[in-house]
Amino acid sequence: MTETKALAILKKYTTKPNLIKHALAVAATMRHFAKLEGEDQEYWAVVGLLHDIDYEQFESEHCHKCVELLQNEGFDDKFIHAIQSHGYEICTDICPNCYMEEVLCAIDQITGFLIACALIRPDKKLANVEMSSILKKWKTPSFAAGTERQRIEGTCARMGRTLEYMLEQTLVALNDISDKLGL
């Protein structure tokens with residue numbers, strides 16, 4: 001499966017521009033982490049692109065309805081497990097069981113957090129977001145209040161990665177597609 005085909009599948013179920021941008025952000029970040037680990041970049045990117053395939057139309061069944069949708073699109077159980085596991089401790093009890101799945105769990109919300117950091121800047125540019133500012137905002141619970149900081153920190157610990165590393169690498173990935181994100 002290519003990213004181009006996966007994007008067409010995503011757009012069958014997702015029409016809201018902000019959700020498509022989120023999928024693109026997660027896909028780019030997954031691709032970046034796959035590259036760092038010497039893994040299949042296309043596969044990881046497709047996982048990232050389709051991770052919220054059921055969210056817009058089936059929000060109350062998020063990470064559950066995706067099983068049917070992805071099976072109908074020809075995806076296997078391993079791929080579906082990866083998608084479902086990103087909702088671990090939020091809307092599913094399906095635990096991530098490999099590094100790729102842990103990355104997805106962590107960066108799903110980190111991408112949104114970093115975009116929020118860019119959006120509060122006068123220039124609204126990811127390129128001008130600094131780690132010191134990100135870390136300060138991370139310690140401010142009222143900023144991007146929906147970000148489940150403790151869950152993300154726990155995921156980072158399970159992965160053997162620091163929060164700072166995950167934030168830095170996600171920022172690098174998002175900067176690579178800042179034009180697509182309008183940031």
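So, how was this worked out
- Residues numbered from 1 in each chain as written.
- Predicted model: local features only at pLDDT ≥ 70, side-chain atom pairs only at ≥ 80, totals over all residues.
- Heavy atoms only, no water.
- Salt bridge = Lys/Arg side-chain N within 4 Å of Asp/Glu carboxyl O.
- Helix = DSSP H or I, 4+ residues; strand = E, 2+ residues; numbered from the N terminus.
- Buried < 20%, exposed > 50% of the residue type's maximum accessible area, 1.4 Å probe, protein only.
- Contact = heavy atoms within 4.5 Å.
- Core = buried A, V, L, I, M, F, W, Y, C linked by side-chain atoms within 4.5 Å.
- Lys, Arg positive; Asp, Glu negative; His and termini not counted.
- Polar contact = N/O pair within 3.5 Å; in protein donor to acceptor, adjacent residues only side chain to side chain.
- Phe/Tyr/Trp six-rings, centres within 6.5 Å; stacked < 30°, edge-to-face > 60°.
- Lys NZ or Arg CZ within 6 Å of the ring centre and 35° of its normal.

Regarding the pattern of salt bridges
- By the definition in use, this model includes 7 salt bridges.
- The salt bridge involving arginine 31 is made with glutamate 3; its shortest N-O contact spans 2.2 Å. One end of the pair, arginine 31, is in helix 2 (residues 17–37); the other, glutamate 3, is in helix 1 (residues 3–13), with 28 residues separating them in the sequence.
- Assessed through its relative accessible area of 24%, arginine 31 is described here as partly exposed.
- Put simply, arginine 161 and glutamate 37 hold a salt bridge, and the shortest N to O gap is 2.8 Å. Pair noted here: arginine 161 is in the loop between helix 8 (149–159) and helix 9 (163–176) and glutamate 37 is in helix 2, with a separation of 124 residues, a long-range link.
- One salt-bridge network, in which partners are shared between bridges, spans Glu3, Arg31 and Glu42.

Quick look at the side chain of threonine 29
- Checked against the element boundaries, threonine 29 lands in helix 2.
- Classification of threonine 29 by relative accessible area gives buried; the value is 0%.
- With residues near it in sequence (within four places) discarded, threonine 29 still touches Ile107, Thr111, Thr170, Ala173 and Leu174.

Topic: the environment of alanine 118
- Counting through the fold element by element, alanine 118 comes out in helix 6 (residues 99–119).
- According to the relative accessible area criterion, alanine 118 is buried, its value standing at 0%.
- In this structure the C-alpha to C-alpha distance between alanine 118 and valine 129, which are 11 residues apart in sequence, comes to 6.0 Å.
- Aside from chain neighbours lying at most four places away, what touches alanine 118 is Lys124, Lys125, Leu126 and Val129.

Considering the nonpolar core
- Membership of the largest hydrophobic core comes to 53 residues, with the highest contact counts inside it found for Met30, Leu50 and Leu70.
- Tallying contributions element by element places helix 6 first for this core, with 11 residues.

Observations concerning the side chain of glutamate 101
- Here glutamate 101 shows up in helix 6.
- The buried charged residue glutamate 101 lacks any salt bridge partner; its closest oppositely charged side chain belongs to lysine 78, at an N-O distance of 7.8 Å.
- Of the polar contacts made by the side chain of glutamate 101, one reaches the backbone nitrogen of asparagine 97; its length is 2.7 Å.
- If sequence neighbours within four positions are ignored, glutamate 101 has contacts with Lys78, His81, Ala82, Ser85, Cys95 and Pro96.

Quick word on the packing of aromatic side chains
- Overall, the coordinates contain 6 aromatic pairs when judged by the stated rule.
- Judged by centre distance (4.2 Å) and plane angle (25°), the rings of phenylalanine 75 and phenylalanine 79 are stacked. As far as burial versus exposure is concerned, phenylalanine 75 and phenylalanine 79 are alike and both buried.
- Counting every residue linked through ring pairs, the aromatic cluster contains Tyr43, Phe75 and Phe79.
- One Lys or Arg, lysine 137, reaches over the ring of phenylalanine 143 and ends 5.2 Å from the middle of that ring.
- In this structure, arginine 149 packs its charged tip against the face of tryptophan 138, placed 5.4 Å from the ring centre.

Take it as geometry only, folks, not as evidence of what the structure does.
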